[in-house]
Amino acid sequence: MGFKCGIVGLPNVGKSTLFNALTETAAAEAANYPFCTIEPNVGDVAVPDDRLDTVAKIAESVLVTPTRLTFVDIAGLVKGASKGEGLGNQFLSHIREVDAIAYVLRCFEDPDVTHVNGSIDPVADAETVETELMLADLESLENRVLALEKKIRGQDKEAKTTLELVEKALAVLRDGKPARKADIADDKKRAFKNLNLLTSKPVLYVCNVDEGSASSGNEQSDRVAEQAKADGAGVVIISAKIEAELAQLDAQEREEYLRDLGLEEPGLNRLIRAGYQLLGLITFFTSGPKEARAWTLRKGSKAPKAAGAIHTDFEKGFIRAQTIAFDDYVALGGEVPARDAGKARDEGKDYVVQDGDVILFKFNV
């Protein structure tokens, strides 16, 4: 479905190391989870989900295909980017294309790696990134006002609605707050999203810590966690150095290395899942002897939209969806036993798909 999470950060915070580790790990798992590099700075990665393997085993599927999330590595941000410093507008154009933004924040000391601001302060770094994005949004919105006012004089009703949203966003931005803090009515949220504001996107704080702090974090990541809670943002603790080393190992070596470090799984798995959750996504499954597959869907979506995730014709010709809850599918041993036990439900167009549903769509095209 093309969901993208941008990775941003100041220079020398470990952003590129993290992205490279993510893409290299995905490439190393290509036998099970195919990886493709769309562009040098774009990585399409599998969302780790043990439930898919369980479904595949029960269905005796030949192929196992996970759902995916795209990470976009955006060139290092510098103070003044909103005014064209560094990569300036090129940076901002890339970030406008993503659905959510992960701020990589340096939470480690290393005398061999200088910090662009001379000291380690991840909360201040996050504020620098946020400020540049807010300034860019301010300029973008202020440039739209005159054109919208002209359209309103021409009796353009849509322009009036848009201007009202622009003014709400401008009010919070001028108050030093990101656009996502604007109070927008539910029926106006889609139109607000279409303003394509940088600071209206959900945010994930990624704390890049030293190796010794990978399992529990440190004082700096604790500060970030407090800030994330206040901002309503997500937070993940990860060691880019460890992830870079893991990316060079085979599956067995990775397992041994993680065990030696006292870690249950790679930090990248948590990052991928956090990005998936940040975007408000759920997973549903289709299964059969040929393939077990996970599919991405917005939380709250109805059955026809889920059918459309597989193929647009499925949505157009939707009739019904045979739906089995994941727990029932596992407990009863698959589709046929679940159907025999009365746990395979025929759901119509108004059914809201639940995370983990195993679905067989009926359609007519």
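Residues numbered from 1 in each chain as written. Predicted model: local features only at pLDDT ≥ 70, side-chain atom pairs only at ≥ 80, totals over all residues. Heavy atoms only, no water.

Our next topic: the state of the cysteines. Here a disulfide denotes a covalent bond joining the sulfur atom of one cysteine to the sulfur atom of another. All chains considered together, the criterion is met by zero disulfides. The thiol of C207 is unpaired, and the distance to the nearest cysteine sulfur, on C107, comes to 4.2 Å. Owing to a relative accessible area of 0%, C207 belongs among the buried residues under this scheme. (Disulfide = S-S within 2.5 Å. Buried < 20%, exposed > 50% of the residue type's maximum accessible area, 1.4 Å probe, protein only.)

This brings us to the packing of helix α4 (residues 122-153) against helix α5 (residues 157-174). The description of two helices packed together rests on the angle between their axes and the distance between the axes. Remark: α4 packs on α5, axes separated minimally by 9 Å, with the N-to-C direction vectors making an angle of 150 degrees. Between α4 and α5, the crossing angle belongs to the class labelled roughly antiparallel. As α4 runs across α5, the sense of the crossing is left-handed. Judged by residue contacts, M134, D137, L138, L141, E142, V145, L148, E149, K151 and I152 of α4 engage A159, K160, T162, L163, V166, A169, L170, L173 and R174 from α5. Taken together, the residues of the contact of α4 with α5 sort by class into twelve nonpolar, one polar and six charged. (Axes fitted to C-alpha atoms, helices over the stretch in contact; angles between N-to-C directions. Helix = DSSP H or I, 4+ residues; strand = E, 2+ residues; numbered from the N terminus. Parallel < 35°, antiparallel > 145°, perpendicular 65-115°, else oblique. Left-handed = near helix turned anticlockwise from the far one by under 90°. Contact = heavy atoms within 4.5 Å. Nonpolar A, V, L, I, M, F, W, Y, C, P; charged D, E, K, R; others polar.)

Core analysis: the largest hydrophobic core is formed by 50 residues, its most contacted members being L18, F71, I95, Y103, Y205, V206 and L271. In terms of residue count, strand β6 (residues 100-107) provides more of this core than any other element does, seven residues in total. Ignoring any residue separated from it by four or fewer positions in sequence, one finds V206 in contact with L18, A102, Y103, V104, L105, V236, I238 and L271. With 19 residues, the next largest nonpolar core counts L141, A159, L170 and F192 among its residues. (Core = buried A, V, L, I, M, F, W, Y, C linked by side-chain atoms within 4.5 Å.)

What follows deals with helix α7 (residues 219-231). In this model, α7 (13 residues) spans 19 Å end to end at C-alpha, consistent with the 18 Å of a helix rising 1.5 Å per residue. Three or more residues of α7 are buried, namely Q220, S221, V224 and A228. Projected down its long axis, α7 shows its buried positions confined to an angular sector of 90 degrees, all on one face. Facing away from the buried surface of α7 by more than 90 degrees, the exposed residues are E219, E226, K229 and A230. Considering only its buried residues, α7 is in contact with β6, α4, β7 (203-209) and β8 (234-238). One side-chain oxygen at the N-terminal end of α7 lies 3.1 Å from the backbone nitrogen of Q220; it belongs to N218. Phi turns positive one or two residues past the end of α7, at G232, with a value near 70 degrees. (Expected span 1.5 Å × (residues − 1). Arc of directions from axis to C-beta. Polar contact = N/O pair within 3.5 Å; in protein donor to acceptor, adjacent residues only side chain to side chain.)

All right, on to the environment of D121 then. By the element assignment, D121 lies in the loop between β6 and α4. Taking the relative accessible area as the measure of exposure, D121 reaches 25% and is therefore partly exposed. Remark: the alpha-carbon pair of D121 and F108, spanning 13 residues in sequence, is separated by 9.6 Å. Here the side chain of D121 touches R223 through a polar contact of 3.2 Å, side chain to side chain.

With that settled, the discussion passes to unusual backbone geometry. For E60, which is not glycine, the phi torsion reads 55 degrees and is therefore positive. Examined against the element boundaries, E60 turns out to sit in the loop between α2 (50-59) and β4 (63-65). For E60, a relative accessible area of 65% gives the class exposed. Notably, N196 is not glycine yet its phi reads approximately 60 degrees, a positive angle. For N196, the location among the structural elements is in the loop between α6 (189-193) and β7. Note on N196: relative accessible area 31%, which makes it partly exposed.

As a further point, take a negative patch on the surface. Taken together, the side chains of D250, E253, E256 and D260 define an acidic patch exposed on the protein surface. Its location among the elements puts E253 in helix α9 (residues 251-261). (Patch = residues over 30% accessible without salt bridge, like charges linked within 9 Å, V, L, I, M, F, W, Y side chains within 5 Å. Areas by Shrake-Rupley, 256 points an atom, 1.4 Å probe, with all protein chains shown as cover. Salt bridge = Lys/Arg side-chain N within 4 Å of Asp/Glu carboxyl O. Lys, Arg positive; Asp, Glu negative; His and termini not counted. Charge placed at Lys NZ, Arg CZ, Asp CG, Glu CD.)

Evaluated as defined, the whole model comprises six aromatic pairs. Relative to F361, the ring of F284 has its centre 6.0 Å away and its plane inclined at 85 degrees; by these criteria the two rings are edge-to-face. Of this pair, F284 sits in strand β9 (residues 281-286) while F361 sits in strand β13 (residues 358-363); the two residues are 77 residues apart in sequence, bridging distant segments of the chain. Here F284 and F361 have matching classes, each one buried. Ring plane angle 25 degrees and centroid distance 3.9 Å describe the contact between F314 and F363, whose orientation is recorded as stacked. Linking F314 in helix α12 (residues 312-316) with F363 in strand β13, this pair joins segments that are 49 residues apart in sequence. (Phe/Tyr/Trp six-rings, centres within 6.5 Å; stacked < 30°, edge-to-face > 60°.)

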